[in-house]
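Fold and contact review
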Amino acid sequence: MAPANQRHTIFLTPEEDRRLRKTFKDRLQKCRDLTGQPRVPTDPKTLSSQVIQADLLSDMGQTGRSDAVVAFPVGNPYPPCIVSLQDLQPIELADLLVDTHHRGRMLTVRRVSPVVKLQAYSWTVVQKIPSGETERLEMSLHKSKHGHDILESGNIFQIKEPYFTISDQGEPTLRIDHPSDIAIRKDTIPTERPFEVGDSTATIPDTQTPALPTKTPKEWKEEGNAALKQKDLLLAHSNYTQGIQLVTTDGTPKEDSTFDLFRNRAHVNLALNRLDEAKADALSALTNLGDDRHKELDSKSYSRAGIAAYNLGSFQEAKQFFEEQLKLSPNDKEATIRLKQAEKRLKEQETGSYDLKKIKASLLMGHRPVDAATFTRNVKIKDSPGRGRGLYVTCAIKAGDIVMAEKPFCVVWGHEAQALTAMTYDTRHDRIRVFPAGLAKSIVQKLSDNPSQVEKIMDLYGDYRGLDKQLIIRDSGPVIDTFQIHDIVARNAFGPGPAYTGRHQGEQGDSNASAGLWVMAAYINHSCIPNAKLEYIGDLMLIRATRSISANEEIFHSYEGSNDFDARSAALMNTWGFTCDCKLCEAEKADSPDVRKKRGELEKEADAFVQGETASGARRMVILKAKRLEKSIQETYDGERYKGLPRTALVSIQKWIAEASTR
Ligand SMILES: C[S@@+](CC[C@H](N)C(=O)[O-])C[C@H]1O[C@@H](n2cnc3c(N)ncnc32)[C@H](O)[C@@H]1O
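Since this is a predicted model, take the numbers as computed values, not measurements. (Residues numbered from 1 in each chain as written. Predicted model: local features only at pLDDT ≥ 70, side-chain atom pairs only at ≥ 80, totals over all residues.)

Let's talk about the overall build of the protein chain
For the protein chain, the helix and strand inventory stands at 18 helices and 26 strands. Against the 2.2 N^0.38 benchmark of 26 Å for 663 residues, the protein chain shows a C-alpha radius of gyration of 29 Å, consistent with a compact globule. Judged by the C-alpha coordinates and their principal axes, the protein chain covers about 90 × 70 × 45 Å. The buried share of the protein chain, reckoned over its 663 residues, is 38%. Residue pairs in contact within the protein chain that sit at least 24 positions apart in sequence constitute 68% of those at least 6 positions apart. (Helix = DSSP H or I, 4+ residues; strand = E, 2+ residues; numbered from the N terminus. Rg over C-alpha atoms; globule rule 2.2 N^0.38 Å. Buried ≥ 20, exposed ≤ 12 C-beta atoms within 10 Å, placed from the backbone. Contact = placed C-beta atoms within 7 Å.)

As structure tokens, this is what we get:
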């Protein structure tokens with residue numbers, strides 16, 4: 001994870017480290033050994049008793065959330081299915097091969113057991129009908145949608161290009177890594193006897209049949225409204241969608257009930273943070289009729305379109321929608337306030353001038369996230385030789401000034417339920433890393449709900465390029481390669497530290513560090529002698545110049561603050577996969593290991609001295625001791641080689657001496 005306040009390490013004993021690597025390597029080996037072998041049929045009774053036992057254990061809290069850090073392997077990416085359901089050929093469980101992706105095929109199964117929900121995956125038992133054969137089905141990290149477990153949200157699934165493999169626990173399993181590879185059948189027949197393994201009386205056709213009995217759009221609207229009243233947003237969304245699908249073939253509503261369906265779904269979409277669809281729905285709901293009743297309804301639609309645009313950071317568009325709303329309802333106070341807010345954001349976007357005092361005060365009042373715009377006018381992305389792309393300033397910036405300010409694409413704070421720090425074993429580099437899994441999950445969810453954002457996220461640096469940055473929409477949503485998201489998060493996420501100070505103690509344990517993705521800032525490369533630093537005010541990230549920066553100069557901040565060359569180099573390689581070649585690293589690399597060791601020891605001594613001795617009012621003898629320590633550290637630096645470079649080991653002792661000497 002990237003800077004600052006990041007947590008790169010979770011302490012593992014050598015034995016734990018060895019066991020973790022061995023478990024995952026053994027599983028990989030088992031997969032390799034069995035690849036392409038025919039699947040061995042399972043015993044339905046054994047499978048069902050396993051799931052029931054595991055479900056009981058998880059109910060008793062024995063396998064659910066605990067302080068233990070979740071670990072899973074990464075580094076064997078495979079692409080999601082990009083073929084529509086209708087173009088896939090059905091496959092039987094009996095035809096599956098081990099550790100194989102069944103490209104071009106689709107498996108329709110019925111869930112016949114409860115779902116065992118664990119932190120990093122969920123699993124259940126499914127049955128092929130009419131054969132009655134059963135199999136384990138596992139959905140990995142990206143297993144929930146708006147807080148609901150996907151496997152639990154239905155009982156008939158269509159699995160696209162099924163992947164049959166061996167689970168991390170060594171069991172044969174169908175495994176889903178990309179949420180777009182599983183569809184819940186809309187015509188799911190609610191089973192009165194839901195969990196009877198071996199029941200093969202019902203048949204499920206592989207292709208979808210129209211829902212029976214058919215409801216009218218008005219009835220779907222009423223069902224949607226009822227679900228909304230019950231706060232079941234997903235059901236309300238589904239009901240309105242069914243109504244919309246009945247009345248529109250070309251996306252254009254024709255009568256009042258259809259306009260209502262769109263307007264109501266816009267409301268639900270706002271609540272679900274599905275902003276793209278919220279905006280589109282609100283605009284589709286516009287009747288453009290001039291009578292008072294329709295004017296009032298259209299005003300509501302403009303308001304919803306404006307809120308969606310505002311939350312997407314499209315402030316110009318938001319402003320236009322609120323202006324249209326005010327034309328229809330000139331006395332609407334809320335619309336006037338919203339218009340003013342949009343205008344303020346546009347000004348921030350343009351000038352980079354923020355009322356930081358007011359923002360800080362709003363944080364004290366508990367208002368989060370910060371209501372502010374992103375300011376990136378003075379920076380641009382360009383190639384940075386040897387470092388991929390980097391961020392450059394387009395004009396001179398004075399020391400202390402704001403280079404840019406950015407709101408995150410997504411942030412998960414340590415105190416939030418979604419926070420989850422995991423350990424990953426990357427089979428590509430044989431490395432164990434700390435990974436903000438909760439952030440990755442939230443990003444996948446946000447992108448699935450807001451396809452307009454896919455391109456900018458997928459453009460970020462990651463080792464595995466997956467589908468690159470192309471947006472592919474299939475069946476009912478965008479195809480998101482979760483392995484690509486993993487690699488992007490691993491190299492670009494920031495650790496902003498706890499959201500609150502003083503309160504919410506313990507919000508950053510081993511398993512719940514805060515993490516976020518600030519897209520433009522993610523283009524900034526590392527240097528051990530940076531010219532900029534990060535600050536967070538709530539979720540607003542400020543990048544400030546630490547010295548004056550000339551026009552067209554590249555911006556750098558320090559990903560890793562350790563003064564110890566070896567520790568710093570190891571962290572840069574382990575977390576970000578590169579060797580720093582800045583002048584400071586060059587100079588430190590040229591020092592002999594003995595000199596580096598000596599300097600490290602002296603620095604520790606200096607730190608202990610500074611902690612133990614108060615500078616103000618220090619006696620002469622104590623100051624002399626500090627100066628001797630300073631001199632010893634100075635002697636570890638080669639004057640010629642370190643000319644113009646920071647001598648980082650001296651920082652604390654020199655600060656102490658300066659303070660002690662000003663009396
Ligand atoms: C947060 S991204 C920075 C933007 C990235 N350079 C790009 O092209 O999108 C971090 C990645 O940039 C590269 N990087 C950053 N600083 C570097 C440096 N000083 N030297 C070499 N590579 C660097 C590494 O590949 C690292 O994993």
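From this point on, the discussion continues.
Focus: the site of the ligand
The environment of the ligand is made up of 18 residues, and the closest members are Gly388, Arg389, Tyr461, Asn525 and Trp576. Going through the elements one at a time, strand 15 (389-393), helix 13 (482-492) and strand 23 (525-526) are the ones with two or more residues in the shell around the ligand. Of the residues contributing to the shell around the ligand, the split by class is 7 nonpolar, 8 polar and 3 charged. (Near = placed C-beta within 6 Å. Nonpolar A, V, L, I, M, F, W, Y, C, P; charged D, E, K, R; others polar.)

Some thoughts on the sheet that holds strand 18 (residues 421-426)
Within a beta sheet, neighbouring strands are joined by backbone hydrogen bonds and run either parallel or antiparallel to one another. One open sheet accounts for 3 strands, arranged 1-18-19; its pairing is mixed. Either end of the sheet is taken by a strand with one partner, and the two such strands are strand 1 (70-74) and strand 19 (431-436). On average, each strand axis in the sheet is inclined to that of its neighbour by 30°, with strand direction left out of account. Judged from the 6 bridges that link them, strand 18 and strand 19 form a sheet pairing that is antiparallel. When the sheet's bridge partners are listed, Met423 is paired in strand 19 with Val434. With respect to the sheet, helix 1 (residues 14-34) is in contact with strand 1, strand 18 and strand 19, its orientation differing from that of strand 18 by roughly 65°. (Pairing = 2+ DSSP bridges. Axes fitted to C-alpha atoms, helices over the stretch in contact; angles between N-to-C directions.)

Thoughts on helix 10 (residues 356-364)
Within helix 10, only 0 of the 9 residues are buried, leaving the element largely exposed. In the segment just after helix 10, Gly366 is the residue with positive phi, at about 90°.

A short note on the nonpolar core
Within the largest apolar cluster, 122 residues are counted, with the highest numbers of intra-cluster contacts made by Ile443 and Ile555. Three or more residues apiece are contributed to this core by two domains, here domain 1 (217-351) and domain 2 (389-440 + 455-465 + 472-576). Core analysis: the next-biggest nonpolar cluster, separate from the first, contains 10 residues, Ala606, Ile633, Leu650 and Ile653 among them. (Core = buried A, V, L, I, M, F, W, Y, C linked by C-beta atoms within 7 Å. Domains from an automatic or database assignment.)

Notes on the pairing of strand 24 (residues 532-537)
With burial as the criterion, only one face of strand 24 is covered, namely that bearing Ala532, Leu534 and Tyr536; the residues Lys533, Glu535 and Ile537 on the opposite face remain uncovered. Summarising the sheet, strand 24 and strand 25 (residues 540-545) pair through 6 bridges and their orientation is antiparallel. Bridging from a neighbouring strand, Ala532 pairs with Ala545 of strand 25. Hairpin connection of strand 24 to strand 25: 2 residues between the antiparallel strands, including Gly538 at a positive phi of 60°.

Observations concerning the environment of Val651
Locating Val651 in the fold gives a position in helix 18 (residues 651-661). Sequence separation between Val651 and Ala606 is 45 residues; the distance between their C-alpha atoms is 9.6 Å.

Focus on the UniProt feature "repeat: TPR" (unreviewed entry) in the protein chain
The feature "repeat: TPR" (unreviewed entry), as annotated in UniProt, sits at residues 299-332 in this numbering. Taken end to end, residues 299-332 is 79% helix and 0% strand, and its first and last C-alpha atoms sit 9 Å apart. (UniProt positions renumbered as here; feature names shortened; annotations may be inferred.)

Focus on the packing of helix 8 (residues 315-328) against helix 9 (residues 333-351)
Where helix 8 meets helix 9, the axes come as close as 9 Å, and the angle between the chain directions of the two elements is 155°. In this view, helix 8 runs roughly antiparallel relative to helix 9, as classed from their interaxial angle. Here the hand of the crossing between helix 8 and helix 9 comes out left-handed. Together, Phe315, Gln316, Ala318, Lys319, Phe322, Glu323, Gln325 and Leu326 of helix 8 and Ala335, Thr336, Arg338, Leu339, Ala342, Glu343, Arg345, Leu346 and Gln349 of helix 9 make up the contact between the two elements. (Parallel < 35°, antiparallel > 145°, perpendicular 65-115°, else oblique. Left-handed = near helix turned anticlockwise from the far one by under 90°.)

Describing the packing of helix 16 (residues 593-612) against helix 17 (residues 620-635)
Where helix 16 contacts helix 17, the axes come no closer than 10 Å and their chain directions differ by 160°. As judged from the angle between their axes, helix 16 and helix 17 are roughly antiparallel. Taken as a pair, helix 16 and helix 17 cross one another with a handedness that is left-handed. Between helix 16 and helix 17, the contacting residues are Arg599, Leu602, Glu603, Glu605, Ala606 and Phe609 on the first element and Ala626, Leu629, Ser632 and Ile633 on the second. Tallied by class, residues from the contact of helix 16 with helix 17 come to 6 nonpolar, 1 polar and 3 charged.

Some thoughts on the domain arrangement of the protein chain
Looking at the assigned domains, one finds that the protein chain contains domain 1 (217-351), domain 2 (389-440 + 455-465 + 472-576) and domain 3 (583-661). Taking only C-alpha atoms, the centre of domain 1 and the centre of domain 2 are 34 Å apart.

So, the pairing of strand 4 (residues 105-111)
The buried fraction of strand 4 is high, at 6 of 7 residues. Bridge analysis of strand 2 (residues 89-90) against strand 4 gives 2 bridges, and the strand direction is parallel. Paired with Gln89 across the bridge in strand 4 is Arg105. Here strand 4 pairs with strand 6 (residues 122-127) via 2 bridges, running antiparallel. Paired with Arg111 across the strands is Val126, a residue of strand 6.

A word on helix 13
Burial analysis of helix 13 places 10 of its 11 residues in the buried class, the great majority of the element. By the burial criterion, the buried members of helix 13 are Thr482, Phe483, Gln484, Ile485, His486, Asp487, Ile488, Val489, Ala490 and Asn492.

A look at unusual backbone geometry
Of the consecutive residues Ile129 and Pro130, the connecting peptide bond is found in the cis state with omega at 10°. Note on placement: Pro130 falls in the loop between strand 6 and strand 7 (134-139). Residue Asn273 is not a glycine yet carries a positive backbone phi of 65°. Looking at where Asn273 falls in the secondary structure, it is placed in the loop between helix 5 (256-271) and helix 6 (275-284). The class for Asn273 is partly exposed, based on 14 C-beta atoms found within 10 Å. Positive phi, close to 55°, is recorded for Asp430, a residue that is not glycine. Within the fold, Asp430 resides in the loop between strand 18 and strand 19.

Structural notes on the sheet that holds strand 24
Reading across the sheet, the 3 strands line up as 16-25-24 and stay open at both edges, with antiparallel pairing between neighbours. Edge strands, defined here as strands with exactly one partner in the open sheet, are strand 16 (402-406) and strand 24. Strand after strand, the sheet turns through a mean of 20° between neighbouring axes, direction not considered. In the sheet, strand 16 pairs with strand 25 via 4 bridges, with the strands oriented antiparallel. Residue pairing in the sheet places Ala405 in a bridge with Leu542 of strand 25.

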